[in-house]
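Listed below, chain by chain, are the residues.
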Amino acid sequence: SRKGGHNTGNDKTPALAASLSYKDVGGIDDRWRSMALYTQADYNWRYTWFVQGALAMETSSHFGRDAREGVRLGDVKWGVFPSLQGAWMLSNEPFMAPLKAVNQLKLRMGYDESGNDDIPTVASRTTFASGKYLGNAIGLSLNAIGNNTLQWETTRRLSAGVDMMAWNNRLGLSLNVFKSYTSNLLTLKSLPELSGEDYYWSNEGALENIGADIRLNVK
């Protein structure tokens, strides 16, 4: 933060002129905190069947104190995000032995959830800012209206794919398809003109994505 307004050489000459009519105060305390807890477990059966499970819990000072979802722990709300992935290494099965040209063939499928808190530090809080009035007075006025229920947005994603290496790993092919749905999408919502402000942050959006990607490597 900063403060300004000077017109005397020292505190022994208290005569102040009109320069302090435009004294201003600016800046923002944008310190924020976040914490995350993770746990993960992996298992494979004969290097043929693979399963991975994970669970993440995250909290951030970006969120409002009265966030609707999540788990309350330590007087704050935590988002909970699970993940489960599975794969079948077909190339390690005995019936694939005759196919000498295929070095690796894997099928995979997974489901995961993730959160996003990419919003301004004070998005959930009502703030004031200094301003000048009629060129003579300095005061504080409403700068933004907060939202105590503001929380993270959650993306749920289901994906499936296949990976293959062939001919002494000279040919590589990877195909992936996915569908994701984002709920509680972080958006700026319009405010009535009577509020004196234009927008405030909310979780009233939603988004859905369907897609595929393919990768080909040749040596």
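Residues numbered from 1 in each chain as written. Predicted model: local features only at pLDDT ≥ 70, side-chain atom pairs only at ≥ 80, totals over all residues. Heavy atoms only, no water.

**Student:** Mind showing me how you'd approach the overall build of the protein here?
**Tutor:** Secondary structure summary: the protein contains zero helices and twelve strands in total. Reading the protein from its N terminus to its C terminus gives the helix and strand order β-β-β-β-β-β-β-β-β-β-β-β. Within the protein, residue pairs in contact and separated by at least 24 positions form 58% of the contacts whose partners lie at least 6 positions apart. Accessible area of the protein: about 15000 Å², with a carbon and sulfur share of 57%. (Helix = DSSP H or I, 4+ residues; strand = E, 2+ residues; numbered from the N terminus. Contact = heavy atoms within 4.5 Å. Areas by Shrake-Rupley, 256 points an atom, 1.4 Å probe, with all protein chains shown as cover.)

**Student:** Got a minute to help me understand the confidence of the model for the protein in this structure?
**Tutor:** It should be kept in mind that the predicted coordinates are not to be read in detail where pLDDT is low. Taken over all residues, the pLDDT of the protein has a mean of 87, while the share at 70 or more is 87%. The element-level mean pLDDT for the protein is lowest in strand β1 (residues 2–4), coming to 51, with strand β10 (residues 153–166) highest at 97. (pLDDT = per-residue confidence, 0-100.)

**Student:** In this structure, what is going on with the pairing of strand β11 (residues 171–190)? I would like to understand it.
**Tutor:** Each regular strand shows side chains that alternate between the opposite faces of the sheet. By the bridge criterion, 13 bridges tie β10 to β11 in an arrangement that is antiparallel. Paired with Thr 154 across the two strands is Ser 183, which belongs to β11. Here β10 hands over to β11 after four residues, with Trp 167 in that stretch at a positive phi of 50°. Direction of pairing for β11 relative to strand β12 (residues 199–218): antiparallel, over a ladder of 17 bridges. When the bridges of β12 are listed, Asn 176 appears paired with Asp 213. (Pairing = 2+ DSSP bridges.)

**Student:** What's the story with the side chain of Ser 159 in this structure? I'm lost.
**Tutor:** Secondary-structure assignment places Ser 159 in strand β10. When sequence neighbours within four positions are dropped, the list of residues in contact with Ser 159 reads Arg 108, Met 109, Gly 110, Asn 176, Val 177 and Phe 178.

**Student:** For this particular structure, what's the right way to read the packing of aromatic side chains?
**Tutor:** Each aromatic ring pair is specified by the distance between its two centres and by the angle formed by the two planes. Inspection of every chain in the model, using the stated rule, returns two aromatic pairs. Ring geometry for Trp 49 versus Trp 88: centroids 4.9 Å apart, planes at 5°, classification stacked. Here Trp 88 lies in strand β6 (residues 76–89) and Trp 49 lies in strand β4 (residues 49–60), a separation of 39 residues in the sequence. Here Arg 157 stacks its cationic end above the ring of Phe 178, 4.3 Å away from the centre of that ring. (Phe/Tyr/Trp six-rings, centres within 6.5 Å; stacked < 30°, edge-to-face > 60°. Lys NZ or Arg CZ within 6 Å of the ring centre and 35° of its normal.)

**Student:** Where do I start with the pattern of salt bridges in this structure?
**Tutor:** Close approach of charged atoms allows side chains with opposite charge to pair. Enumeration according to the criterion identifies five salt bridges in this entry. Close ionic contact of Glu 208 with Lys 179 constitutes a salt bridge, the shortest N to O distance being 3.7 Å. Of the two residues, Glu 208 is situated in strand β12 and Lys 179 in strand β11; the sequence distance between them amounts to 29 residues. Relative accessible area serves as the criterion here: at 45%, Glu 208 is assigned to the partly exposed category. (Salt bridge = Lys/Arg side-chain N within 4 Å of Asp/Glu carboxyl O. Buried < 20%, exposed > 50% of the residue type's maximum accessible area, 1.4 Å probe, protein only.)

**Student:** How should I be thinking about the side chain of Lys 77 in this particular structure?
**Tutor:** Locating Lys 77 in the fold gives a position in strand β6. There is no salt bridge for the buried Lys 77, and the closest opposite charge comes from Asp 66, which lies 7.5 Å off by N-O distance. Here the side chain of Lys 77 touches Ala 67 through a polar contact of 2.5 Å, landing on its backbone oxygen. A distance of 3.5 Å separates a polar side-chain atom of Lys 77 from the backbone oxygen of Glu 69. (Lys, Arg positive; Asp, Glu negative; His and termini not counted. Polar contact = N/O pair within 3.5 Å; in protein donor to acceptor, adjacent residues only side chain to side chain.)

**Student:** Just checking my understanding: could you explain the environment of Gln 40 for this structure?
**Tutor:** In this structure, Gln 40 sits in strand β3 (residues 34–45). Overall, Gln 40 belongs to the exposed group, its relative accessible area being 51%. Spatially, the C-alpha atoms of Gln 40 and Gln 52 are 7.4 Å apart, while their sequence positions differ by twelve residues. With near-sequence residues (within four places) excluded, Gln 40 lies in contact with Gln 52, Gly 53 and Ala 54. A distance of 3.1 Å separates polar atoms of two side chains, one belonging to Gln 40 and the other to Asp 42.

**Student:** I would appreciate a short explanation of a nonpolar patch on the surface in the present structure.
**Tutor:** Taken together, the side chains of Leu 173, Leu 175, Val 177, Ile 214, Leu 216 and Val 218 make up a nonpolar region of the molecular surface, amounting to roughly 550 Å² of accessible area. Broken down by secondary-structure element, the contributors of at least two residues to the nonpolar patch are β11 and β12. Tracing the sequence through the fold places Val 177 in strand β11. (Patch = residues over 30% accessible without salt bridge, like charges linked within 9 Å, V, L, I, M, F, W, Y side chains within 5 Å.)

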